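Okay, here's what each chain looks like letter by letter:
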Amino acid sequence: MTIIKKELTWSCKRHRTSFARSPCALPAFICSILATVAGIALPHPAQSQPITDTTVSRAPITTTVPPKHENAEEYGPTPRSIQRPPNTPIPPSGVPLIPTAGLAPLSVAPISSPGDKTSFHKIELDALSHHEGPSGMLPASLDALRDTDLEDPYYVPTAGTGHLVPQLKGVRSTLLNHGVSFAFTYKGEAMGVIDGGVQRGMSYVHELTGQVNFDLEKMANLTGWSVHTLVMERAGRAVSHDRVGEYYVNLQEFYGLSGHMVAHLVDFYAEKKLLNNHLDITFGRMALTHVFATSPLLCSFMVTCSAPVALKLDPGFSVYPKATWGSRLRLRPTRDTAIQFGAYEVSPLASNPSGWAWGSEPATGLMLPVEFTWQPFLTRNRLPGHYVLGYAHDTTRYPDQIGVSLPAALRAQAGRQRSAPMDMFWFEGDQMIYRRGGRNQMAGGYLMAGYIHNTPHVTSIADEAYGGLSFAAVIPSRMTDRLGIMYSWYHVSHRKEEGQIMIQNAGYSLGAAVRGPQTSSHIIEAYYAIDAAPGVLVQPEFEYMIHPGETRHIPNAALVGLKVIANL
């Protein structure tokens, strides 16, 4: 009788997977994905229980069955998944010095003391409850927050790319000991139309950002207090309008609201951690997109940094670098949830382009955003997910879009028009599916998707949906490089389209920027970010826009370009 031996070996060591003694070399990131998925069903080696089956004569069959219960929290991450990259700027603690390089539009972890020497966290808030929220419904084999919170490194948004001038390390350390941290960053983007659009050619824009934070506990013994400042300069000519014919979506990350300003003031706000590190409040001048509807993942793409386009077009949603007076309050009800509330003054996006003329901003209303986040950490490798549900109400009354640019002779034909406040809803989700290169939240690969809806009759873009991926270490030897691919869809308000149809049918011009009644557009963006040297990120870009100008009158546009970030 033939003796049959079945053996299943799962091993991601040395980038190798073998099934039935047939090794197959795989890239590290694919192996990590497979290990993550398999980790739900396969046991930890220490818990494997060999069972001998003697139903076959003369020879036993040896197999392995998973235990009844596996605790993802108990075993901790695999050493390979949290191994720090060579020459990394991340200190052994896993918590980098801040401000974070190259990500000026994003809110980084607070720099001040938590206000309580016994606090579990130094940068993240402590949870109000010792219990879990939605994560408690997950099986123990998935839930890494079953009994305790995670350490600070797992909450760090990103570790940055180091510094271009390491000789300043001594100066940085001295200033940091006295409560001052700083970053100076250059971002340059060159994008060119190679096919379609309105005109072929290349356009260049750049941004210089100076960011200084003050820890007032070290400076003045004010426990839990800090002050954040950010000044930037932008120059150049963007590719969207002249070469593509697109006026809603900026196809480059920056150059929108403050072009050709030598020193545009963005941030000037204070932060206070209260109630023994259970509550964080900020107040002063700031942009909503520092903290609402944003993430490091979104800001790795040009089109969606620093928030989805449908939100950035709304005057009430003060988008970086447009700042306004306001306040935000954040807390963590449970270990896996967070909620934040805000109240911000609303003024036209084009007002106060320098950021310094505070008295020139005509206030039109009040913006009231609220955002709930479920942040699970899955499997033993602590794979973070961010599932965000947000809503904002802008009390400003905006005109009915059907009447915008409508000639007086057609207003009666348009029927009743009514102004109204604006409501915004957004859902954004991302989930890390493998970890590679450390404990911070960008050390791995993500799948992501989102949907945004605005009040249709008072906004230009009523709906937006996007989906994509952002993978680190696609090339095993390049642990800190990233590959990103995203698809976005934009839908113009039906009221705006109806008004444009009326204007066109009556023989009037829609204006130089509009080729016909607008409906929708689509964008595919792909990049590969190369961690070229300490403090330098080089990112080749490709974009393909379907229906530029939200009409079918402009050929689909293909663009290629290069983005460079250098941090002093």
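Residues numbered from 1 in each chain as written. Predicted model: local features only at pLDDT ≥ 70, side-chain atom pairs only at ≥ 80, totals over all residues. Heavy atoms only, no water.

Q: Describe the overall build of the chain, naming the residues involved and giving the relevant values.
A: Helix and strand content of the chain: 7 helices and 21 strands. Counting the 568 residues in the chain, one finds 54% classified as buried. Sequence separation of at least 24 residues holds for 69% of the intrachain contacts in the chain that already meet a minimum separation of 6. (Helix = DSSP H or I, 4+ residues; strand = E, 2+ residues; numbered from the N terminus. Buried < 20%, exposed > 50% of the residue type's maximum accessible area, 1.4 Å probe, protein only. Contact = heavy atoms within 4.5 Å.)

Q: For unusual backbone geometry, give the residues involved together with the corresponding values.
A: Residue Ser306 is reached from Cys305 by a cis peptide bond, and omega for that bond is 5°. Mapped onto the fold, Ser306 is located in the loop between strand 9 (279-286) and helix 6 (309-312). Residue Tyr320 is joined to Pro321 through a cis peptide bond whose omega torsion reads 10°. Within the element layout of this structure, Pro321 appears in the loop between helix 6 and strand 10 (324-331). Even without being a glycine, Asn277 presents a positive backbone phi close to 70°. Note on placement: Asn277 falls in the loop between strand 8 (261-274) and strand 9. Phi angles above zero are rare outside glycine, and Ala293 is one such case at about 60°. Here Ala293 lies in the loop between strand 9 and helix 6. Relative accessible area serves as the criterion here: at 1%, Ala293 is assigned to the buried category.

Q: Could you give an account of the state of the cysteines, naming the residues involved and the relevant values?
A: Considering all chains together, one arrives at 1 disulfide under this definition. The residue that forms a disulfide with Cys299 is Cys305, at a sulfur-sulfur distance of 1.6 Å. We classify Cys299 as buried; its relative accessible area is 3%. What makes Cys305 buried here is its relative accessible area of 4%. (Disulfide = S-S within 2.5 Å.)

Q: Please provide a residue-by-residue account of a nonpolar patch on the surface, values included.
A: Together, Ile194, Phe542 and Val560 make up a nonpolar patch on the protein surface, roughly 220 Å² of accessible area in all. Position of Ile194 relative to the elements: it lies in strand 5 (residues 180-195). We classify Ile194 as partly exposed; its relative accessible area is 43%. (Patch = residues over 30% accessible without salt bridge, like charges linked within 9 Å, V, L, I, M, F, W, Y side chains within 5 Å. Areas by Shrake-Rupley, 256 points an atom, 1.4 Å probe, with all protein chains shown as cover. Salt bridge = Lys/Arg side-chain N within 4 Å of Asp/Glu carboxyl O.)

Q: Tell me what's going on with the pattern of salt bridges, and back it up with residues and numbers.
A: In the structure shown here, the tally under the stated rule is 14 salt bridges. With a closest N to O distance of 2.9 Å, Glu124 and Arg330 form a salt bridge. On the criterion of sequence distance, the pair formed by Glu124 in the loop between helix 2 (72-75) and helix 3 (169-177) and Arg330 in strand 10 is long-range, its members being 206 residues apart. Judged on exposure class, the residue Glu124 and its partner Arg330 are both buried. Of the charged contacts, one joins Glu253 and Lys187 as a salt bridge, the two residues approaching to 2.9 Å between their closest N and O atoms. A residue pair is termed long-range when its members are at least 10 positions apart, and Glu253 in the loop between helix 5 (239-244) and strand 8 and Lys187 in strand 5 qualify at 66 residues. Like Lys187, Glu253 is buried. Each member of the salt-bridge network shares a partner with another, and the members are Lys187, Glu253 and Lys563.

Q: Summarise the packing of aromatic side chains; cite the residues concerned and give the values.
A: The tally for this structure, following the rule as stated, stands at 10 aromatic pairs. Centre to centre, the rings of Tyr391 and Phe425 are 5.1 Å apart; their planes meet at 45°, and the pair counts as tilted. Of this pair, Tyr391 sits in strand 14 (residues 383-398) while Phe425 sits in strand 15 (residues 420-435), placing them 34 residues apart in sequence. We classify Phe425 as partly exposed; its relative accessible area is 42%. Plain terms: the ring middles of Tyr434 and Phe471 are 5.6 Å apart, the flat faces sit at 70° to each other, and that makes the pair edge-to-face. Here Phe471 lies in strand 17 (residues 461-472) and Tyr434 lies in strand 15, a separation of 37 residues in the sequence. Each member of the pair, Tyr434 together with Phe471, is buried. Aromatic rings pair up to connect Tyr154, Tyr155 and Phe377 into one cluster. One Lys or Arg, Arg172, reaches over the ring of Phe182 and ends 4.5 Å from the middle of that ring. (Phe/Tyr/Trp six-rings, centres within 6.5 Å; stacked < 30°, edge-to-face > 60°. Lys NZ or Arg CZ within 6 Å of the ring centre and 35° of its normal.)

Q: Any details on the pairing of strand 10? Residues and values, ideally.
A: As paired strands, strand 9 and strand 10 are joined by 8 bridges and run antiparallel to one another. Bridge pairing in strand 10 places Arg285 opposite Trp325. Pairing of strand 10 with strand 11 (residues 337-346) involves 6 bridges; the strand directions are antiparallel. When the bridges of strand 11 are listed, Gly326 appears paired with Tyr344. (Pairing = 2+ DSSP bridges.)

Q: Quick rundown of the nonpolar core? Include the residues and the values.
A: Judged by nonpolar contacts, the single largest core of 53 residues is most densely connected at Leu251, Phe317 and Trp426. Of the residues forming this core, the biggest block, 5 residues, is contributed by strand 15. Non-local contacts of Phe317, meaning those with residues more than four positions away in its chain, are made with Leu288, Thr289, Phe292, Ala293, Leu311, Met367, Met424 and Trp426. Residues Ala144, Leu145, Tyr154 and Tyr155 belong to the second largest nonpolar core, which totals 7 residues. (Core = buried A, V, L, I, M, F, W, Y, C linked by side-chain atoms within 4.5 Å.)

Q: Describe helix 7 (residues 494-505), with residues and values.
A: The terminal C-alpha atoms of helix 7 lie 16 Å apart, and with 12 residues this matches the ideal 16 Å at 1.5 Å per residue to within 8%. Here helix 7 has its buried residues at Arg495, Lys496, Gly499, Gln500, Met502 and Ile503. Projected onto a plane normal to the axis of helix 7, the buried residues spread over an arc of 160° and lie on a single side. Structurally, helix 7 contributes buried residues whose contacts are with strand 18 (482-492). The N-cap of helix 7, judged by a side-chain oxygen 3.2 Å from the amide nitrogen of Arg495 a few residues on, is Ser493. Of the residues flanking the end of helix 7, it is Gly507, one or two places downstream, whose phi is positive at about 90°. (Expected span 1.5 Å × (residues − 1). Arc of directions from axis to C-beta. Polar contact = N/O pair within 3.5 Å; in protein donor to acceptor, adjacent residues only side chain to side chain.)

Q: Break down the environment of Met486 for me, with residues and values.
A: The topology assignment puts Met486 in strand 18. Given the relative accessible area of 3%, Met486 is considered buried. Sequence separation of Met486 and Tyr527 is 41 residues, and the distance between their C-alpha atoms is 9.3 Å. What Met486 contacts, discounting residues up to four positions off in sequence, is Leu298, Phe301, Thr304, Met448, Tyr466, Gly467, Gly468, Ile523, Ile524 and Glu525.

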